[in-house]
Structures are given as structure tokens and as C-alpha cells.
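# Breakdown of the fold
Here are the chains, one letter per residue:
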Amino acid sequence: MRWTFETMGTVVSVATLGAEPGLELRGRVERVFRDYDFEFSRYRNDSAISRIARGELSLMDASDTLRSTYATALEWRSLTRGAFTPHRPDGVVDLDGVVKALAINDAGIVLSDAGITDWCLGCGGDVLLAGRASEEAPWTIGVADPDDPALLLAEIPMNGSDRAIATSGVSERGEHVWRSDAGSTLRQVTVIADDIVTADVLATAILSGGIDALEQLARQHSVEVLAVAGDELIITPRLRALVTERDVSEPSR
Amino acid sequence: MTVRGTVGGIVASTAIIIIAWQAGQSTAASNGLRSALPVGSTGTSTATTPNTQASTPSTPATTPAAAAPSSTTSSAAAQPAPAAPSPAKASASGTFQGDAIQTPFGNMQVALVVASGKVTDVKVLQSTNYAQYSIQVSSYADPILRGEVIKAQSAKVQMVSGATYTSQGYLQSVQSALDKAGI
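Not measured: the values here are computed from a predicted model.

Across its full length, chain B carries seven helices and six strands. In chain B, the succession of α and β elements from N to C terminus is α-α-α-α-β-β-β-β-α-β-β-α-α. Counting only residues that meet the buried cut, chain B has 48% of its 183 residues in that class. Here the analysis covers contacts within chain B between residues at least 6 apart in sequence; of these, 48% occur between residues at least 24 apart.

So, in C-alpha cells, the structure goes:
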């Protein structure tokens, strides 16, 4: 079964194996997103993040959630050597890069804690999942084609421990990622990881930092990457084995 | 040139290795190697700054090395690479030891392990501190063509990962079609 709702300027879809979750649980999942949106949306004048941007609220006086979110974002800035940053070029604090992923993460905890073992949650192109799609098949995630929203570039069976997949691109919302490498030719970057915050942040960082960042971050964080560079795809070995029929001779890591 | 192109494609911007390879081959200019790289080649260096530092002093170092084959008193040459005298074939296999070259930071020497025309390993026989930063055996992620990916069918997937779409963009997306179908 599946249900959808709008939040954070996009749409959340939740698929579950078996019976649809009850109204009360659905309400709790939706509230996770609304709470984050209320505090962090740059599109709402009354959000805490907008008040910080206008200088009306200092970070010191902000909520624990906001400060720990900012700390998470700064930690990722260090880990990616600045390829990911919670600051816009004009210096305004922008936590969008981690907020959506944190909301997805928390919503997933709500679902699992409610005893639902097989679920798949998509929010604006980020996907987090648990369990399987059916007894026979794993959850299988399509990667959108940056050149045609009606087509898929690849389909990825989510076996094993990887639970999260996120994609960053320049195709939607214009060039919304501030590129740290002006020479980056990457148009879309998909990252598969154990958790959604890692997947989301690294997809953004690699899109921003280019191929050098891809090489470095994919190894460092043991994640799988599928990137679109021009008309070519760039893919990490384990993922390549999953999405192509070619014999893979590369040594496994 | 096939092998040279492959080697270049794999070691790409690793300036030190290109220089050492030049020493063994003595013909290919580093520019030629670079221009032979496939577009989107992922051979990269993880540490930009040390790499830049290492490549700067390598320019004077190539002069004696490149001149070595024509000189009877080669000072830098160790064992010439076996593949050097004849044009290498795409199926070449074996370990190819490059000449030792002198740089202001110390001697540099590498050996390439080639299996069926593809470099599978680069062994550093002598290196400077700078070189350790800039050597990367092969890229972790490979470039592939779209056609190599199994054609994806939306009927088989439950969710779509894509660049953040707006509520409006969602309407045109595969995700929206999946949600409508309620699969």
C-alpha cells in the first residue's frame, strides 16, 4: 500500500508491504516533516531559520534541534572539505542540505518503532527504506534520467545493508547547488549509503566538488555512486555489477 | 599507442607517473598523453596541492630522462621498460619497470603491472614524499556508456531517486506515475 502527502515544497510517498498504516501513525509521520519545515524552511517568513537570516534570532538562542542540525551540517562541511556547506555564498545559514534527510531519517524511525518492518519512503528524490518490497523481491529504486523526467536511467535492487539513496542534480530548481569546483562536469549524482543523511550530503558534495570529490568521498565513506557527466555515466564497481550485465573484473573493495 | 592511451587514461593527471612513463618511452609528450584521455576520465589525484607541487619540479627532471635513450652515458636509466623498443600491443601483459628519474625531491621510479593491455597496479620503487600524495593506481569509479546499463523499467521499481523536484515537477515524474498506480 502507499500514501502521499505534500510538505517542504515537494511530495512524500510512503510504500509499505501489507496493510496501510493507520491514520494515527500516518499523522505522526507527516508531523515529523511539518515540524522540521516549521523550524527550517527558508520559504516561511516565520521559521526560525528565516529569523536567524534576518538577524532577529541568534544561533545561541535557537532551539536544541536547530543548533544540533547546524552542528551536523558543520561536521559534514569538515568531512567533505567544504564541498558541502551550510552557508550560502552570501553567508546566510542554509540547512536545507541536511534538514530533508534528517526529517526522512526521523520519519523512518517512527515507522519502524510502530512495528512496520517493510517500508520505503521517498521525499523529493531521496529514498530511505527497510525490509523488502515482497517476499520474493527487494525494494527496487529507479534513478531518474536528468534529460527526461518520464524515463529512468537505472534501476537498483536494494539488497544488503544499504538503506538510503539520494540524488542531486542541476536539472530541477536550476543550478541550486553552489559548485566548489567550477570545472565540475557532473550533471547528476546518485549516492547509495547506509543512512540518508550521508547519502544526501555526499550527493550534494560530489555534484559540487566534481570528479575529484567523487573519487575521494566514495572511497572514504564506502558509498556507491552513479554520476552523469555529459553523456557518460561514472559508476563505482559494486553498483556497476548491480546495474549492468557486463562481467565485472575489478577487484572488490 | 593503444596501450599508451590506456595507461594515460588510467593514471591520468598523476603527473609523476606520466613523467616516469615518459622516461621509459621517451617519445610521448605529456600533452599528448593528456589529449589522448577519454572525456570524463576519472583518473584523478586526491590531493591537489601536493600534486601541483610535485609536478612543478618535474619539468626540469624530464630533460635528462627524455634524453637518456639517445645518450650513451645515461645517468638516470635503471632497467629500460621491456615494452619501450617496440610499439606495445593492446594485449601486453607483465611488469614494466620505468627508469629512475631525478627530481629536486629525490629519485622517482615506478613499475607498471599490465594485464591484457590494462594497468592493474603501479608499484612505487623509489619515491619522494610528494609523490606519495599524488600516486593513485586507478580510478575507483569507471566511466561507462548509458547503453551498458540494463534498461530500467518503471514497472519494476517502487520509488524513484532524482534531483529534488518541486510539487509541480513531481506531476511529470515517474514517481507520480508510481504513486497513482498505487503499487
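Topologically, B:Asp142 is positioned in strand β5 (residues 142-145). Classification of B:Asp142 as buried rests on a relative accessible area of 13%.

Turning our eyes to something else, we now look at the pairing of strand β9 (residues 224-229) of chain A. All names here are of chain A. Along β9, six of the six residues are buried, which leaves the element largely enclosed by surrounding structure. Side chains Glu 224, Leu 226 and Val 228 project from β9 onto one buried face, and the interleaved Val 225, Ala 227 and Ala 229 project onto a second face that is buried too. Sheet topology note: the strand β8 (residues 186-193)/β9 ladder contains six bridges and is antiparallel. In the sheet register, Val 191 faces β9, and the bridge partner there is Val 225. Bridge count between β9 and strand β10 (residues 232-235): four bridges; the pairing is antiparallel. The residue bridging Ala 227 from the neighbouring strand is Ile 234, located in β10. Between β9 and β10, which pair antiparallel one after the other, the connecting turn spans two residues, and Gly 230 there sits at a positive phi close to 60°.

Next up on the list: the nonpolar core. A:Val29, A:Phe33, A:Leu121 and A:Leu186 are the most contacted members of the largest nonpolar core, which totals 66 residues. Take this core: its biggest share by element is 14 residues, from helix α5 (residues 196-221) of chain A. When near neighbours in sequence (up to four residues on either side) are disregarded, A:Val29 contacts A:Trp3, A:Phe5, A:Ala107, A:Val110, A:Leu111 and A:Leu121. Judged by nonpolar contacts, the second largest core, of 23 residues, contains A:Leu153, A:Leu226, A:Val243 and B:Val149.

What follows is about the sheet that holds β9(A). Spatial ordering of the open sheet is given by β1(A)-β2(A)-β3(A)-β4(A)-β7(A)-β8(A)-β9(A)-β10(A)-β5(B), a layout of nine strands whose pairing is antiparallel. Every other strand in the sheet has two partners, leaving β1 (2-7) of chain A together with β5 of chain B as the edge strands with one partner each. The mean angle between the axes of side-by-side strands here comes to 15°, regardless of whether they run parallel or antiparallel. Running over the sheet, helix α4 (residues 96-113) of chain A touches β1, β2 (10-16), β3 (119-123) and β4 (126-130) of chain A and is turned about 155° from β3(A). Sheet strands touched by helix α7 (residues 174-181) of chain B: β1 and β2 of chain A. Its angle to β1(A), the strand with the most contacts, is close to 135°.

Looking now at the side chain of A:Ser47. All names here are of chain A. Assignment of secondary structure puts Ser 47 in the loop between α1 (23-40) and α2 (48-53). From its side chain, Ser 47 meets the backbone oxygen of Ser 41 in a polar contact 2.4 Å long. Once you skip the residues sitting within four places of it in the chain, Ser 47 turns out to touch Phe 38, Glu 39, Phe 40 and Ser 41.

Here the focus is the interface of chain B and chain A. On the side of chain A, 68 residues touch chain B, which itself brings 46 residues to the contact. Taken as a group, B:Tyr140, B:Arg146 and B:Met159 account for 19% of the area that chain B buries against chain A, more than any other trio of residues on that side. Counting the contacts that link chain B with chain A gives six salt bridges. For A:Glu155, the salt bridge identified is with B:Lys156, shortest N-O distance 4.0 Å. Taken together, the links from chain B to chain A amount to 19 residue pairs in polar contact (both at pLDDT 80 or more). Looking at the side of chain B that touches chain A, the elements with two or more residues in it are β5, β6 (159-161), α6 (167-171) and α7 of chain B. No other element matches the four residues that α7(B) contributes to the side of chain B that touches chain A. For the side of chain B that touches chain A, the class distribution of residues is 17 nonpolar, 23 polar and six charged. Pairing of strand β5 (residues 140-145) of chain A with β6(B) involves three bridges; the strand directions are parallel.

Our focus in this paragraph is the sheet that holds β5(A). What the three strands build is an open sheet, ordered β6(A)-β5(A)-β6(B); its pairing is mixed. This sheet does not close on itself; its edge strands, each paired only once, are β6 (148-157) of chain A together with β6 of chain B. Ignoring which end each strand starts from, the neighbouring axes of this sheet average 40° apart.

Once that is clear, we can look at the packing of α1(A) against helix α3 (residues 64-79) of chain A. Residues and elements named next belong to chain A. For the pair α1 and α3, interaxial distance at closest approach is 11 Å and the crossing angle is 80°. Viewed along their axes, α1 and α3 adopt a mutual orientation that is roughly perpendicular. Residue-level contacts link Tyr 36, Glu 39 and Phe 40 of α1 to Thr 65, Leu 66 and Thr 69 of α3. Its residues placed into classes, the contact of α1 with α3 shows three nonpolar, two polar and one charged.

The next thing to look at is α7(B). One turn of an α-helix holds 3.6 residues; hence residues three or four places apart share an orientation. The set of residues buried in α7(B) consists of B:Val174, B:Gln175, B:Ser176, B:Leu178 and B:Asp179. Taken together, the buried residues of α7(B) touch β1, β2 and β6 of chain A together with β6 and α6 of chain B. Looking at the residues trailing α7(B), positive phi occurs at B:Gly182, about 70°.

The rules behind each value
- Residues numbered from 1 in each chain as written.
- Chains lettered and ligands numbered in written order.
- Predicted model: local features only at pLDDT ≥ 70, side-chain atom pairs only at ≥ 80, totals over all residues.
- Heavy atoms only, no water.
- Helix = DSSP H or I, 4+ residues; strand = E, 2+ residues; numbered from the N terminus.
- Buried < 20%, exposed > 50% of the residue type's maximum accessible area, 1.4 Å probe, protein only.
- Contact = heavy atoms within 4.5 Å.
- Pairing = 2+ DSSP bridges.
- Core = buried A, V, L, I, M, F, W, Y, C linked by side-chain atoms within 4.5 Å.
- Axes fitted to C-alpha atoms, helices over the stretch in contact; angles between N-to-C directions.
- Polar contact = N/O pair within 3.5 Å; in protein donor to acceptor, adjacent residues only side chain to side chain.
- Buried area = accessible area lost by both parts, 1.4 Å probe.
- Salt bridge = Lys/Arg side-chain N within 4 Å of Asp/Glu carboxyl O.
- Nonpolar A, V, L, I, M, F, W, Y, C, P; charged D, E, K, R; others polar.
- Parallel < 35°, antiparallel > 145°, perpendicular 65-115°, else oblique.

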